[in-house]
Amino acid sequence: MAFWFQKSLPKKFLFWVRLVSGNFPEFLGGTFTFDILVVNKAPRFTAEQGPGTFLLHIHKTKPSDTGVYYCIKVNHLKMTFLNGTFLRIKGPDPDITAAPPSDPVRPGDSVTLQCSVLSDSESKTCPGEHSVFWLRVGSNESHPSLIYAHGNSAGCEKSLEAHSQQKCVYSFSKNISSSDTGTYYCAVATCGEILFGNGTKLDVEGLNIWDLQKANAVLILSCAALAISLIVIAFLIHTIKMKTCDCCNGCTDNRIFETKTIGVGQNVTLTCTRDRLWQSTYLFWIRVVSGTFPEILGGTLAFDSEVVEETNRITATQEPGAFVLHITKTQFSDTAVYYCIKVKRSNMTFSKGIFLRIKGPEPDIITVIQDFPSDPVRPGDSVTLQCSVLSDSEKKTCPGEHSVFWFRAGSDKSHPSLIYAQRNNSDECEKSLEARSQQKCVYSFSKNVSSSDAGTYYCAVATCGEILFGNGTKLDIEV
């Protein structure tokens, strides 16, 4: 990556930084705009000048290098993000196979589901172990459930045929009841992606007496395993972040990250430490919103100054021992991560980060009800599924109409499917005669069905930034 600069701009600085979602920005290197032989070196990273350019070299890239890289110019109290480059490092894709239980399963039995992940161990560049998720899609009208299980790397072995390959087996065990019937999907999170297995259908035969003591023992062991998994995950996250910090020059143990949640329309103040004894030091407030260029909100010198920067609703000013950002009458668009940056000569430090969440009004929906087809359904028939949404029309504060999604959970081993349908409800809404402040809107979804369309359909209504689910409609196709 490179950025071109003019040699006629003395005493200005250029910086390379990397932004990765969920992590503090990383300072990778800085330089003056005039010619100088200073080279910033760190493990696998080199930032140096070329003829009219400021270059960043990354050696032996890893998946953890995936991020957005920005070149920044600082000229006194003015900071500019000159260009941004999204670098994506693609890793190897493992092969995932889920093994079904070999024996018939009855209520009270202990069942172990296994997921085999075949990967190339020599080309593996992702840190940590695979994370495994189990998704159960039931044949009844209950909502699909997501179960998390973390496998142990001790279950990995190299292939005798190909020494560069290894197979890891992840297991999930539980004592089952008749309500556990359904299709279980193994999803493996690795290299920043989630890959699905082929699904395991679990049929529970007959009825049996439930052994309470046995269930309690399994529950206690499961809780202990979950607690250990959380501790291990926390340790791995801490280790990865520390290793990431070691690769850059601008890391510090004094960095602070906070989270603030306030209601829309309220005022908020963000504070960053300032020491007037810092020499040749500038402070900046920036705002980062995913998918957009970072926004500069204000800058100041470290020593006492009366400079105040004001934009629409945002003011950056000094206070005793602090550089303060005031935001008045907050809007939803103010939701972002705010960073306080300290610049001293060719060094940059991200000293504080604040995730500011602007919370809106509660959903106006009271309930979501799905209607069942009244007549038997056969292949070739046209079926209309209906979803009734009861809401409070007088308290409605969200702009626009409701958006409706239809989700089908099949009883076979095919992946769950998501069907989107949006209906204009201007003519489909009516006020309740009993409570005039309430209204009911009816959303419909129609299609000609075949035998493969059997399953349970769920109505999901998106409103006020949330999604609310209906009770589910089971559709049986008579052959």
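This is a predicted model, so every value here is computed, not measured. The residue count restarts for each chain, going from 1 along the sequence in the order it is written. Selection of residues for local features in this predicted model requires a pLDDT of at least 70, selection of side-chain atom pairs for listing and counting requires 80 or more, and totals for whole chains, interfaces and linings are taken over all residues. Excluding hydrogens and water, the side-chain figures rest on all heavy atoms present in the structure.

### Focus on the overall build of the chain
No. 1: Regarding its fold elements, the chain presents 1 helix and 35 strands.
No. 2: The 479 residues of the chain split such that 39% are buried.
No. 3: Methods summary: accessible areas were calculated by the Shrake-Rupley approach with a probe of 1.4 Å, and residue burial reflects only the protein chains presented. Entry remark: accessible area of the chain is about 25,800 Å², with carbon and sulfur atoms responsible for 54%. Counting from the N terminus, the helices are DSSP H or I runs at least four residues long and the strands are E runs at least two residues long. Exposed residues in this analysis have more than 50% of their type's maximum accessible area, buried residues have under 20%, and partly exposed residues fall in between, with area computed by a 1.4 Å probe over protein chains only.

### Points about the pairing of strand 25 (residues 336-344)
No. 1: When you tally the buried positions in strand 25, you get 7 out of 9 residues, the bulk of the element.
No. 2: At least two DSSP bridges between two strands are required for those strands to pair. Strand direction decides the pairing type here: strand 20 (residues 281-288) and strand 25, joined by 8 bridges, are antiparallel. Across the sheet, residue threonine 281 finds its bridge partner in strand 25, namely lysine 344.
No. 3: Of the pairings in the sheet, the one linking strand 25 to strand 26 (residues 347-359) comprises 9 bridges and is antiparallel in character. By the bridge assignment, lysine 344 is partnered in strand 26 with asparagine 347.

### Some points on the sheet that holds strand 8 (residues 78-87)
No. 1: Across the sheet, 4 strands lie side by side as 3-2-7-8; this open sheet has antiparallel pairing. On the outer flanks of this sheet lie strand 3 (26-32) and strand 8, each paired with one strand and no other. Ignoring strand direction, the axes of neighbouring strands in this sheet form an average angle of 20 degrees.
No. 2: Relative to strand 3, strand 2 (residues 13-19) is paired through 6 bridges, and the arrangement is antiparallel. Bridge pairing links phenylalanine 13 to phenylalanine 32 in strand 3. Axis lines are fitted through C-alpha atoms, for helices just across the contact stretch, and the angle between N-to-C directions can take any value from 0 to 180 degrees.

### So, the sheet that holds strand 21 (residues 295-301)
No. 1: What the 5 strands build is an open sheet, ordered 18-26-25-20-21; its pairing is mixed. Two strands lie at the open edges of the sheet, namely strand 18 (256-263) and strand 21, each paired on one side alone. Each strand axis lies, on average, 20 degrees off the axis of its neighbour in the sheet, ignoring direction.

### Observations concerning the nonpolar core
No. 1: For this analysis, a nonpolar core means a set of buried residues of the types Ala, Val, Leu, Ile, Met, Phe, Trp, Tyr and Cys, connected via side-chain atoms within 4.5 Å. Counting 22 residues, the largest nonpolar core has Ile72, Met79, Val343 and Met348 as its most contacted members.
No. 2: Those elements that provide at least two residues to this core are strand 2, strand 7 (67-75), strand 8, strand 20, strand 25 and strand 26.

### Regarding the state of the cysteines
No. 1: Throughout, a disulfide means two cysteine sulfur atoms within 2.5 Å of one another. Tallying each qualifying case throughout the model produces 2 disulfides.
No. 2: Linked covalently through their sulfurs, cysteine 272 and cysteine 340 form a disulfide whose S-S length is 2.0 Å. Linking cysteine 272 and cysteine 340, the disulfide has an S-S dihedral of approximately -75 degrees and is accordingly described as left-handed. Of the two residues, cysteine 272 is situated in strand 19 (residues 268-273) and cysteine 340 in strand 25; the sequence distance between them amounts to 68 residues. Here cysteine 272 and cysteine 340 have matching classes, each one buried.
No. 3: A sulfur-sulfur distance of 2.1 Å marks the disulfide that ties cysteine 387 to cysteine 459. Given an S-S torsion of about -80 degrees, the disulfide between cysteine 387 and cysteine 459 has left-handed geometry. Here the residue cysteine 387 occupies a position in strand 28 (residues 382-392), and cysteine 459 occupies one in strand 33 (residues 455-463), the gap between them amounting to 72 residues. Residues cysteine 387 and cysteine 459 agree in their burial class; the two are buried.

### Points about the side chain of aspartate 334
No. 1: Topologically, aspartate 334 is positioned in the loop between strand 24 (322-327) and strand 25.
No. 2: In what follows, a contact means two residues having at least one pair of non-hydrogen atoms within 4.5 Å. Residues contacting aspartate 334, with those up to four places away along its chain left out, are Arg287, Arg313, Ile327, Leu356 and Ile358.

### Concerning the environment of isoleucine 296
No. 1: Inspection of the secondary structure assignment puts isoleucine 296 in strand 21.
No. 2: Accessibility expressed as a relative area gives 30% for isoleucine 296, which makes it partly exposed.
No. 3: Between the C-alpha atom of isoleucine 296 and that of phenylalanine 284, which follows or precedes it by 12 residues, the distance is 7.5 Å.
No. 4: Those residues in contact with isoleucine 296, other than ones at most four positions away along the chain, are Met79, Phe81, Trp285 and Ile286.

### A look at the pairing of strand 7
No. 1: In terms of strand pairing, strand 2 meets strand 7 through 7 bridges, oriented antiparallel. Bridging across to strand 7, arginine 18 finds its partner in tyrosine 69.

### Let's talk about the pattern of salt bridges
No. 1: Salt bridges are defined by distance alone: a side-chain nitrogen of Lys or Arg within 4 Å of a carboxyl oxygen of Asp or Glu. With the rule as written, the count across this model stands at 10 salt bridges.
No. 2: For aspartate 334, the salt bridge goes to arginine 287, with nearest N and O atoms at 2.9 Å. Taken as a pair, aspartate 334 in the loop between strand 24 and strand 25 and arginine 287 in strand 20 lie far apart in primary sequence, 47 residues in all. Of the two residues examined, aspartate 334 and arginine 287, each falls in the buried class.
No. 3: When the shortest N-O distance is used, the salt bridge between aspartate 453 and lysine 447 registers 3.1 Å.
No. 4: A relative accessible area of 27% places lysine 447 in the partly exposed class.
No. 5: Shared partners join several salt bridges into a network, and the residues in it are Arg18, Glu26, Arg44 and Asp65.

### A short note on unusual backbone geometry
No. 1: Backbone geometry places arginine 313, a non-glycine residue, at a positive phi of 75 degrees.
No. 2: Here arginine 313 is to be found in the loop between strand 22 (309-311) and strand 23 (314-319).
No. 3: A positive phi angle, near 55 degrees, is found at arginine 345, a position not held by glycine.
No. 4: Relative to the elements of secondary structure, arginine 345 occurs in the loop between strand 25 and strand 26.
No. 5: Of the residues examined, arginine 345 reaches a relative accessible area of 46% and is grouped as partly exposed.

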